[in-house]
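Observations on the three-dimensional arrangement
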Amino acid sequence: MTQTTAADIAALAERGVTILGCGKMGGAMLRGWLAAGLPPEAATVLDPAPADWLRELAARGLRLNPERVEDAAVCVLAVKPQVMAKAAPQVAHLAGRGALFMSIAAGTPISFFESLFGADAPIVRAMPNTPAAVGRGVTALIGNAAATEAHMRLAEALAGAVGAVVRLEAESQMDAVTAISGSGPAYVFHMIEAMAAAGRALDLPDELAMTLARQTVIGAAELARRSDASAEQLRRDVTSPGGTTAAALEVLMAPDGLTALMTRAAAAAARRSRELAG
Ligand SMILES: NC(=O)c1ccc[n+]([C@@H]2O[C@H](COP(=O)([O-])OP(=O)(O)OC[C@H]3O[C@@H](n4cnc5c(N)ncnc54)[C@H](O)[C@@H]3O)[C@@H](O)[C@H]2O)c1
């Protein structure tokens, strides 16, 4: 894991960061960088349908859809995998300026970007997640052969400004990473929905069921964050022998319970990630 320093952000601010596609994920990362001290004028956004908050930031110095981007320390590629081939050529010239390319697109392999930008261009493939918007993301990354240790540190500085960072040993791990941490926040949000639905099935009113489910997930996550105890120990701490939790866990931890279901779900996500590679 890497910690981002104010000096890292200052270095990025010098040559700027360009974001190609600033929707949910690119936007979440940009929010985190701005909160970490990146000045708006150091950010350039290329997006044909920018959100209102980006237009507002443009009034405070952010460069929005300039005719041409002259330079960037880092160019973040954050469009959907399906539009990458159409969108990425507009920043290909930055390879000649020594920019580091950082793709967050699911499924899209480094080789795809090498064919666009050249194998000499430093390219980092990263998989962040949306809690980056509140500085609680986790990003896994790996570089191509042209990415030096300095490039990797730069990518880690950017990702580290919005949460934890892990370096992968092989690009082949990326499909599994995407299935666990990239898509994972959606599983947790669905857990809130599922718990609320279970509460309604037990005759709780809608709003009360949702409040209890949401606050329970928030509280459990915060406890997991602050505690040194393992997830297993934290689970045991809730579970009185012969009590209510034990009764529920007998269902959830059955051979066809949550682990089996989660394993199937993550396998489906990893399969889809491999398919997106084309
Ligand atoms: N959403 C997530 O949780 C998440 C997590 C990790 C990685 N990713 C990856 O991030 C990328 C973006 O996903 P998202 O969820 O933010 O999607 P999104 O649709 O919210 O954002 C994509 C943005 O790209 C813009 N765009 C479309 N065509 C463009 C073009 N030609 N040039 C520039 N911009 C263009 C769109 O206007 C939009 O704002 C995807 O590749 C996805 O795999 C997403």
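As the structure is a computational prediction, the values presented were derived from the model and not from experiment.

What counts, and at which threshold
- Residues numbered from 1 in each chain as written.
- Predicted model: local features only at pLDDT ≥ 70, side-chain atom pairs only at ≥ 80, totals over all residues.
- Heavy atoms only, no water.
- Axes fitted to C-alpha atoms, helices over the stretch in contact; angles between N-to-C directions.
- Helix = DSSP H or I, 4+ residues; strand = E, 2+ residues; numbered from the N terminus.
- Parallel < 35°, antiparallel > 145°, perpendicular 65-115°, else oblique.
- Left-handed = near helix turned anticlockwise from the far one by under 90°.
- Contact = heavy atoms within 4.5 Å.
- Nonpolar A, V, L, I, M, F, W, Y, C, P; charged D, E, K, R; others polar.
- Pairing = 2+ DSSP bridges.
- Patch = residues over 30% accessible without salt bridge, like charges linked within 9 Å, V, L, I, M, F, W, Y side chains within 5 Å.
- Areas by Shrake-Rupley, 256 points an atom, 1.4 Å probe, with all protein chains shown as cover.
- Salt bridge = Lys/Arg side-chain N within 4 Å of Asp/Glu carboxyl O.
- Buried < 20%, exposed > 50% of the residue type's maximum accessible area, 1.4 Å probe, protein only.
- Near = heavy atom within 4 Å.
- Polar contact = N/O pair within 3.5 Å; in protein donor to acceptor, adjacent residues only side chain to side chain.
- UniProt positions renumbered as here; feature names shortened; annotations may be inferred.
- Core = buried A, V, L, I, M, F, W, Y, C linked by side-chain atoms within 4.5 Å.

Here we come to the packing of helix α7 (residues 174–182) against helix α12 (residues 258–276). Close contact between α7 and α12 brings their axes to 8 Å; oriented N to C, the two are set at 130°. Overall, the two elements α7 and α12 adopt an arrangement that is oblique. Here the hand of the crossing between α7 and α12 comes out right-handed. Between α7 and α12, the contacting residues are D175, A176, T178, A179 and I180 on the first element and A266, A269, A270, S273 and R274 on the second. Each residue belonging to the contact of α7 with α12 can be placed in one class, and the counts come to six nonpolar, two polar and two charged.

As a further point, take the sheet that holds strand β6 (residues 123–127). Taken in spatial order, the eight strands line up as β3-β2-β1-β4-β5-β6-β7-β8 in an open sheet, and their pairing is mixed. Of all strands in the sheet, those with a lone pairing partner are β3 (63–64) and β8 (163–167), marking the two edges. Pairing of strand β7 (residues 137–143) with β8, which is carried by five bridges, proceeds in the parallel orientation. Pairing of G137 across the sheet is with G163, part of β8.

Turning our eyes to something else, we now look at a nonpolar patch on the surface. A cluster of nonpolar side chains, M191, M195, L252, M253, L258, L261 and M262, forms an exposed patch at the surface whose accessible area comes to about 580 Å². It is α12 that contributes the most residues to the nonpolar patch, three residues altogether. Among the residues examined, L252 registers a relative accessible area of 43% and is labelled partly exposed.

Turning our eyes to something else, we now look at α7. Every buried residue belonging to α7 is among M174, D175, V177, T178, A179 and S181, and all of these are buried. Next to the buried residues of α7 lie β6, β7, α8 (184–201) and α12.

Turning our attention to the side chain of T18. Checked against the element boundaries, T18 lands in strand β1 (residues 17–20). Residues contacting T18, with those up to four places away along its chain left out, are T44, L46, V69, D71, A72, V74, C75 and V76.

The next thing to look at is unusual backbone geometry. A positive phi angle, near 50°, is found at N65, a position not held by glycine. Residue placement: N65 occurs in the loop between β3 and β4 (74–77). A relative accessible area of 36% means that N65 is categorised as partly exposed. The phi dihedral of D203 falls on the positive side, at around 75°, and the residue is not glycine. Structurally, D203 is set in the loop between α8 and α9 (206–226). Of the residues examined, D203 reaches a relative accessible area of 70% and is grouped as exposed.

This part takes up the site of the ligand. Taken together, 22 residues sit near the ligand, with K24, M25, D47, V79 and A106 positioned nearest. Measuring from an oxygen atom of the ligand, one finds a backbone N or O atom of K24 at 2.8 Å. Between the ligand and the protein, one listed contact pairs an oxygen atom with a side-chain N or O atom of D47 at 2.6 Å. Here the residues of the shell around the ligand sort into 15 nonpolar, four polar and three charged.

A word on the UniProt feature "binding site: NADP(+)" (unreviewed entry) in the protein. Mapped onto this numbering, the UniProt entry annotates "binding site: NADP(+)" (unreviewed entry) at L20, G21, C22, G23, K24, M25, A78, V79, K80 and P81. Sequence-wise these annotated residues cover 62 residues; spatially they are packed, their C-alpha atoms never more than 13.9 Å apart. In this fold, G23 is placed in the loop between β1 and α2 (24–35). Here G23 is in contact with A28 and D47, once residues within four sequence places are set aside. Following the sequence through the fold, P81 ends up in the loop between β4 and α4 (84–87).

The subject of this paragraph is the nonpolar core. Counting residues in hydrophobic clusters, the biggest one holds 37 residues, and the most contacted among them are L30, W33, V76 and M102. Ranked by the residues each element gives to this core, the list is headed by α2, at five residues. With residues up to four places along the chain from it excluded, the contact list for M102 reads M29, V74, C75, V76, L77, V124, A126, A155, L158 and A159. If you look at the next biggest cluster of nonpolar residues, it comprises 26 residues, including F101, F117, I142 and V177.

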